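# Descriptive structure summary
Now for the letters of each chain:
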Amino acid sequence: MEYVAVPEAARLLGVSTRQVQHLAAAGELQVVARGLVDRTSVDRYLAARPASRRRAWSERTAWAAVALLSARPAPWLGAPQRSRLRTTLRGLTADELLGRTRDRARAGWYAGHSSAPTRLRRDVVDTSAGAVMLGLAEADRLNAYVVAADLDDVVSRHALVRAPGGRIVLRATTMDLGLVADLAGAGVVLSALDLAESLDPRERRVGLDALAGALGRFRG
């Protein structure tokens, strides 16, 4: 495991050491020992916040953006909000979209028994089908969404442990999981967002290219 001191993490993230401590307390970064932060968690944090330093959308707005780009309605927003969001989406790049939608869920990386991904699929929404549609081979890992209130129970029941390099990614959201499942099956936008946050260069490129394509089609 590679780690960095808090001051170095602050430099890499462009924030203060106090902000690094706040991010660690919120679970955004993983502390491995007093004053030391796991480097992979720093890299993952940066991967979800490319280029754009603009504030992320709220969870509801982020999911509305996914819905609109997937040709689905977003009735939880009012008509004026949807109209403004459509206008904003037409002016975004793939990198900007990735940054603005980062708060759609809180991602955590876990390790577990080799059978865990198969068993977990009963409790989560798996987005791997979209990755396969984008030309990536199906891998022995899981990238999925889970109800935020159920996260601790799911982790305990399947004997998962937090691991920055783990092959199980659980993204906790308060959005209705039925809606998430619909969006996961409506196209590749949701999978593309997940892939674009990957530290694997090929997965990241595939995800960003798919987002750029979705934005282009949305503009017409």
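Structure: above.
Residues numbered from 1 in each chain as written. Predicted model: local features only at pLDDT ≥ 70, side-chain atom pairs only at ≥ 80, totals over all residues. Heavy atoms only, no water.

## What about the overall build of the protein?
What counts is decided by this rule: In this description a helix means any DSSP run of H or I spanning at least four residues, a strand means any run of E spanning at least two, and both kinds are numbered starting from the N terminus. Within these notes, the globule rule equals 2.2 Å times the number of residues to the 0.38 power, and the radius of gyration is based on C-alpha atoms. Relative accessible area decides the class of each residue, using a 1.4 Å probe on protein chains only: under 20% of the type maximum gives buried, over 50% gives exposed, and in between gives partly exposed. Should any heavy atoms of two residues lie within 4.5 Å, those residues are considered in contact. For the area figures, the Shrake-Rupley method with a 1.4 Å probe applies, and any residue is considered shielded solely by the protein chains shown. A residue counts as positive if it is Lys or Arg and as negative if it is Asp or Glu; His and the chain ends are not included. Note that the charge is assigned to NZ on lysines, CZ on arginines, CG on aspartates and CD on glutamates.
If you tally the helices and strands in the protein, you get 12 helices and 8 strands. In summary, the protein has a C-alpha radius of gyration of 17 Å against a globular reference of 17 Å for 220 residues, a match within 12%. For the C-alpha atoms alone, the extent of the protein along its principal axes is close to 50 × 40 × 30 Å. Burial analysis of the protein (220 residues in total) assigns 47% to the buried set. In the protein, the share of contacts with a sequence separation of at least 24, taken over all contacts with a separation of at least 6, comes to 72%. A total accessible area of about 10900 Å² is found for the protein, and carbon and sulfur atoms account for 51% of it. Of note, the protein has its 32 positive side-chain charges centred 6 Å away from the centre of its 23 negative side-chain charges.

## Digging into the environment of Val-20
Assignment of secondary structure puts Val-20 in helix 2 (residues 17-25). Judged by relative accessible area, Val-20 falls into the buried class, the value being 1%. Placed 10 residues apart in sequence, Val-20 and Ala-10 show a C-alpha to C-alpha distance of 6.0 Å. Residues contacting Val-20, with those up to four places away along its chain left out, are Val-6, Ala-9, Ala-10, Leu-13, Val-15, Leu-29 and Val-37.

## Brief notes about the nonpolar core
Note the threshold: Each nonpolar core is a collection of buried residues, namely Ala, Val, Leu, Ile, Met, Phe, Trp, Tyr and Cys, held together in the definition by side-chain atoms within 4.5 Å.
The biggest cluster of nonpolar side chains holds 39 residues, and the ones touching the most others in it are Trp-63, Trp-76, Leu-89 and Leu-97. Counting residues per element, the ones that place at least two in this core are helix 4 (59-69), helix 5 (79-90), helix 6 (94-100), helix 10 (177-185), helix 11 (189-196) and helix 12 (201-219). The element best represented in this core is helix 4, accounting for 8 residues. Dropping the residues within four chain positions of it, Trp-76 is found in contact with Arg-60, Trp-63, Ala-64, Ala-67, Met-175 and Leu-179. By size, the runner-up hydrophobic cluster in this structure holds 14 residues, among which are Val-146, Leu-151, Leu-160 and Ala-172.

## Notes on the sheet that holds strand 1 (residues 3-5)
Note the cut-off: Any two strands with at least two DSSP-identified bridges between them are counted as paired. Geometry is summarised by axes, namely lines fitted to C-alpha atoms with helices restricted to the contacting stretch, and by angles between N-to-C directions that run from 0 to 180 degrees.
Read from one edge to the other, the open sheet built from 3 strands follows the order 1-3-2, with strand pairing classed as antiparallel. Two strands lie at the open edges of the sheet, namely strand 1 and strand 2 (31-33), each paired on one side alone. Averaged over neighbouring strand pairs, the angle between their axes works out to 40° when direction is ignored. Alignment of strand 2 against strand 3 (residues 36-38), held across 2 bridges, turns out to be antiparallel. Within strand 3, the residue paired with Val-31 across the bridge is Val-37.

## Looking at unusual backbone geometry
Even without a glycine there, the phi angle at Ala-71 is positive, about 60°. The residue Ala-71 is located in the loop between helix 4 and helix 5 in this model. Unlike most non-glycine residues, Ala-159 shows phi in positive territory, near 55°. Residue placement: Ala-159 occurs in the loop between helix 9 (151-157) and strand 7 (161-162).

## Examining the packing of helix 11 against helix 12
The line we're drawing: Oblique is the label for every angle not falling under 35 degrees (roughly parallel), over 145 degrees (roughly antiparallel), or within 65 to 115 degrees (roughly perpendicular). Crossing handedness is read from the near helix: turned anticlockwise from the far helix by less than a right angle, it gives a left-handed crossing, and turned clockwise, a right-handed one. Under the grouping applied here, Gly and all other residues not named as nonpolar or charged are polar, the nonpolar ones being Ala, Val, Leu, Ile, Met, Phe, Trp, Tyr, Cys and Pro and the charged ones Asp, Glu, Lys and Arg.
Packing of helix 11 against helix 12 leaves a shortest axis separation of 7 Å and a crossing angle of 140°. With respect to helix 12, the element helix 11 is oriented oblique. By crossing handedness, the relation of helix 11 to helix 12 is classed as left-handed. Here helix 11 contributes Val-189, Ala-192, Leu-193, Leu-195 and Ala-196 to the contact with helix 12, which in turn contributes Glu-203, Arg-204, Val-206, Gly-207, Leu-208, Ala-210, Leu-211 and Ala-214. Taken together, the residues of the contact of helix 11 with helix 12 break down into 10 nonpolar, 1 polar and 2 charged.

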